[in-house]
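# Summary of structural features
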Amino acid sequence: MSSRLRGLDAFDPDGSGEQPCETSSSLAQQALTRVYEQDQRLRKNGSRVSDQPPDLSSKGKPRLLLMGQRRSGKSSISSVVFHKLPPSETLFLESTARIQKDTLPSFMDFQVWDFPGQIDIFDNPTFDIDAMFGEIGALIWVIDAQDDYLEAVARLNVTILNLQRTYPNIKIEVFIHKVDGLSDDYKLDIQRDITIRIQDELCDHGFENAPVTFHLTSIYNHSIFEAFSKVIQKLIPRLGILEAMLTNLCRTCRFEKAYLFDVLSKIYIATDSEPADMASYEICSDYIDVIIDVTEVYGSWPRTQKYREALEGPPWNQKIEDQVASGCAESCMVLSDGNKPIILREVNKYLALVAIMKEDSYDKMPLVNMNVEVVVQGVKEFFEITKPK
Amino acid sequence: MTDLEASVPSLGMSTDVRSELKKPKKKKVLLMGKSGSGKSSMRSIIFSNYIARDTRRLGATIDVDLSHVKFLGNLTLNLWDCGGQEAFMENYLSQQRVHVFSNVGVLIYVFDIESRDVDRDMATYVSIISALTQYSPTAKVYVLIHKMDLITPHAREAVFVDRVRLVRQKTSEFIQGAGYTGELDLIPFATSIWDQSLYKAWASIIHDLVPNLSVIESQLGSLGVLIEAEELLLFERTSFLVVSNWTSEEGQNNPTGDRQERISNILKHFKQSISRFTGTPRNAEQFTLMEHKAGSRFSMFACKFTTNTYLMVILPPGEARFNSAKLNCQIARESFKFLDGPVTPGQSYN
């Protein structure tokens, strides 16, 4: 097993360096267990848990559907976010002819379905609508903001109306895409115009509060990751508890901002209650990149056995595993500007906690590390408990 | 090592210590090549912290763009970025010949791999070389075959070797034709601003210019042995080029051959992210410490070392080893202070 933040496991090939979860019942664990039991009880009684996305825990993987007009940038989005294609390379992507299904091994295995824009699934009887939307997590509708969007909006309206009747729980996320290069005023004008057009149409058909959310995105900056973060967050059951844990950590350790990242896609799946700003997200996400890159250079090759023996010999006389403080990747950097530390802590193969600390708090690092450790254990237990059974 | 040989005559001049201290060493570095070959772009990336994308905004260089780049306190590079349009080129070769080509330490000649008119490029190159050998016969010549990203990856090696062969052939033709007796050894590099190859070339150029290099290297080596490091990299503060490095026996097994350039590239990009985050200028100092403990694989830290340098240390795992290495590096700062100060006469480089 190889982690992107730690590199190849040079000294223990079976991956036993992984620290086992603390089994002593911490406060966080008790709370989580309580929540879990409550959840189970509710389920048995047959009453629905309203704030939980449907079918998440019972049936397989949540699914993200990417839809929109042709050439609106759907395939580019999925390549950039999930396959790390540099944005400039997306010019060479071919047009998508059939539905592309991607399964992403991540903290929660979700699927991304990329629809070809030229096909209207409601006109075409060969599509099994129920199989498609039955297990859906969210529908992402991409609109090209640099093009005439009236037709896209009309088609989106038809789609929403069709879906609302049968699958009222589907979250609809509208990505107003390719907004790089547009002025801030113009961006907001477009967003307002599209919002009004869609909501008016839905109101006319009697859907007052349809779950439609709008995001301004571009693949050339971090806005697309930010938008995906918000979409994914809606799919996480009991997100509130994760957020509460992070908020608590921020308060205790006086962090400015903490993010829980999916390392592979650089989507953040939870953050504390402070308003998220793009700047802090960007720096945290770039920091993960740096650590991954450095680890690739120095952590990806096996050291010789002889060398290991020398390291374990005098004056240390300890096994390597006992010489390190933690089996997970821990990192920290101090900015010159205000001596602000940024810390990174690996949670598991897929997740990392990244936080920006207050000025001059590097001296308190040992204490902070202890607190972070507790939260990391809590997050691990959270995913253990909420894992689809 | 050139600096060792060169230090012998300067010992005799120790009476002139005062003026030596006042006037830091200036190396004239000529950056030449055809118009549009990417000279100003690479200069901006290396010394002004541009990102590759930003270089699109650069206009054509008119005549010579002079810049003084302070490097490690005691070395000032006198960088002559020479506009490559033909009118300028002719001017350098005729009216300004003495002015441009005298007292040159290094000539960096940039070839555009995509150039349509290779013969003409070669002709210009040969006339530049002839002027250089006339006025600065001791100058080193670096040939950068630039814009390699435009060639498909599997063909790069072949295209590069082929072009270098052509340049060498033209050079030796010139040497024979002109009856030039001196030695002319050119050092070729394949570069692109879109990956780390540019850092490799420039690190090597800088490496040859830094005074006291052997002292730095031996001190770095002893520090590395003392703290049981796997690798030490010493970076210059603004450009993040590797000035010197030391690798342990075990560290030499690392299969990543281009790791120095890669680390330069990674850290430099990250510096730009930090500057966006903090709103500080791109050239300002961005971080004082960065540490990463990758479980039981390795640990690493990069810290501000002397005023002009950063030190990056790769260590085997181990908390105690890590902390003591950090303290030891702080103590070692004293012994590296000479990197910032002016040249002391005994160690000067000419």
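Taking an unreviewed UniProt entry as the reference, chain B is identified by name as GTP-binding protein belonging to Daldinia eschscholtzii. As its UniProt record puts it under Subunit (unreviewed entry), chain B is described as follows: "Component of the GSE complex." Taken directly from UniProt, the Function (unreviewed entry) text for chain B runs: "GTPase involved in activation of the TORC1 signaling pathway, which promotes growth and represses autophagy in nutrient-rich conditions."

Per an unreviewed UniProt entry, the recorded name for chain A is GTP-binding protein, and the organism is Daldinia eschscholtzii. The UniProt entry for chain A carries the following comment under Function (unreviewed entry): "GTPase involved in activation of the TORC1 signaling pathway, which promotes growth and represses autophagy in nutrient-rich conditions." Listed under Subunit (unreviewed entry) in UniProt, the entry text for chain A is "Component of the GSE complex."

Moving on, we get to the nonpolar core. Formed by 95 residues in total, the largest nonpolar core has its most connected members in L64, F228, F255 and L260 of chain A together with I263, M290 and M312 of chain B. In terms of residue count, the dominant contributor to this core is helix 8 (residues 278-298) of chain A (eleven residues). With near-sequence residues (within four places) excluded, L64 of chain A lies in contact with F82, F110, Q111, V112, W113, A138, F228, V231, I232 and L235 of chain A. Within the second largest apolar cluster, 53 residues are counted, among which are V110, L209, F301 and F322 of chain B.

The subject of this paragraph is the interface of chain A and chain B. Taken together, the 50 residues of chain A in the interface contact 46 residues of chain B. Taken together, chain A and chain B are joined by four salt bridges. With a shortest N-O distance of 2.5 Å, R303 of chain A and E230 of chain B are connected by a salt bridge. Counting every contact that joins chain A to chain B gives 21 residue pairs in polar contact (both at pLDDT 80 or more). No other element matches helix 8 of chain A, which puts 14 residues into the side of chain A that touches chain B. Taken together, the residues that form the side of chain A that touches chain B break down as 28 nonpolar, eleven polar and eleven charged. With seven bridges joining them, strand 9 (residues 329-335) of chain A and strand 9 (residues 287-294) of chain B adopt antiparallel strand pairing. Note on strand 9 of chain B: the bridge partner recorded for V334 of chain A is L289 of chain B.

All names here are of chain B. Across eight bridges, strand 2 (residues 64-71) lies against strand 3 (residues 75-82) in antiparallel orientation. Each residue of the ladder has a partner; that of V64, found in strand 3, is C82. What sits between strand 2 and strand 3 in their antiparallel hairpin is a turn of three residues, with L72 showing a positive phi close to 55°.

With that out of the way, let us pick up unusual backbone geometry. Residues and elements named next belong to chain B. The residue D63 is not glycine, and still its phi comes out positive at about 55°. As for its position among the elements, D63 is in the loop between helix 3 (39-48) and strand 2. Given the relative accessible area of 27%, D63 is considered partly exposed.

Glancing now at the packing of helix 4 (residues 150-166) of chain A against helix 5 (residues 184-204) of chain A. In a pair of packed helices, the angle between the axes and the distance between the axes together describe the arrangement. Residues and elements named next belong to chain A. Here helix 4 crosses helix 5 at 35°, and the two axes come no closer than 10 Å. Helix 4 and helix 5 meet at a crossing whose hand is right-handed. Across from L150, V153, L156, N157, I160 and L161 in helix 4, the residues of helix 5 making contact are I194, R197, I198, E201 and L202. Tallied by class, the residues present in the contact of helix 4 with helix 5 amount to eight nonpolar, one polar and two charged.

Scanning the entire structure with this criterion turns up 22 aromatic pairs over all chains. On the basis of an interplanar angle of 55° and a centroid distance of 5.7 Å, the ring pair of Y259 of chain A and F261 of chain A is categorised as tilted. Take Y259 of chain A: its relative accessible area is 0%, and that puts it in the buried class. For F261 of chain A, a relative accessible area of 0% translates into the label buried. Centre to centre, the rings of Y298 of chain A and F298 of chain B are 6.3 Å apart; their planes meet at 45°, and the pair counts as tilted.

A contiguous patch of negative charge, built from D337, E359, D360 and D363 of chain A, is present on the exposed surface. Following the sequence through the fold, D363 of chain A ends up in the loop between strand 11 (351-357) and helix 11 (365-386).

Attention now moves to the confidence of the model for chain B. Of all residues in chain B, 90% have pLDDT values of 70 or greater, and the mean over the chain is 83. Overall, residues 1-24 of chain B carries pLDDT values under 50, and its contacts beyond four positions in sequence, including any with other chains, amount to 19 contacts.

Cut-offs used in this document
Residues numbered from 1 in each chain as written. Chains lettered and ligands numbered in written order. Predicted model: local features only at pLDDT ≥ 70, side-chain atom pairs only at ≥ 80, totals over all residues. Heavy atoms only, no water. UniProt positions renumbered as here; feature names shortened; annotations may be inferred. Core = buried A, V, L, I, M, F, W, Y, C linked by side-chain atoms within 4.5 Å. Buried < 20%, exposed > 50% of the residue type's maximum accessible area, 1.4 Å probe, protein only. Helix = DSSP H or I, 4+ residues; strand = E, 2+ residues; numbered from the N terminus. Contact = heavy atoms within 4.5 Å. Salt bridge = Lys/Arg side-chain N within 4 Å of Asp/Glu carboxyl O. Polar contact = N/O pair within 3.5 Å; in protein donor to acceptor, adjacent residues only side chain to side chain. Nonpolar A, V, L, I, M, F, W, Y, C, P; charged D, E, K, R; others polar. Pairing = 2+ DSSP bridges. Axes fitted to C-alpha atoms, helices over the stretch in contact; angles between N-to-C directions. Left-handed = near helix turned anticlockwise from the far one by under 90°. Phe/Tyr/Trp six-rings, centres within 6.5 Å; stacked < 30°, edge-to-face > 60°. Patch = residues over 30% accessible without salt bridge, like charges linked within 9 Å, V, L, I, M, F, W, Y side chains within 5 Å. Areas by Shrake-Rupley, 256 points an atom, 1.4 Å probe, with all protein chains shown as cover. Lys, Arg positive; Asp, Glu negative; His and termini not counted. Charge placed at Lys NZ, Arg CZ, Asp CG, Glu CD. pLDDT = per-residue confidence, 0-100.

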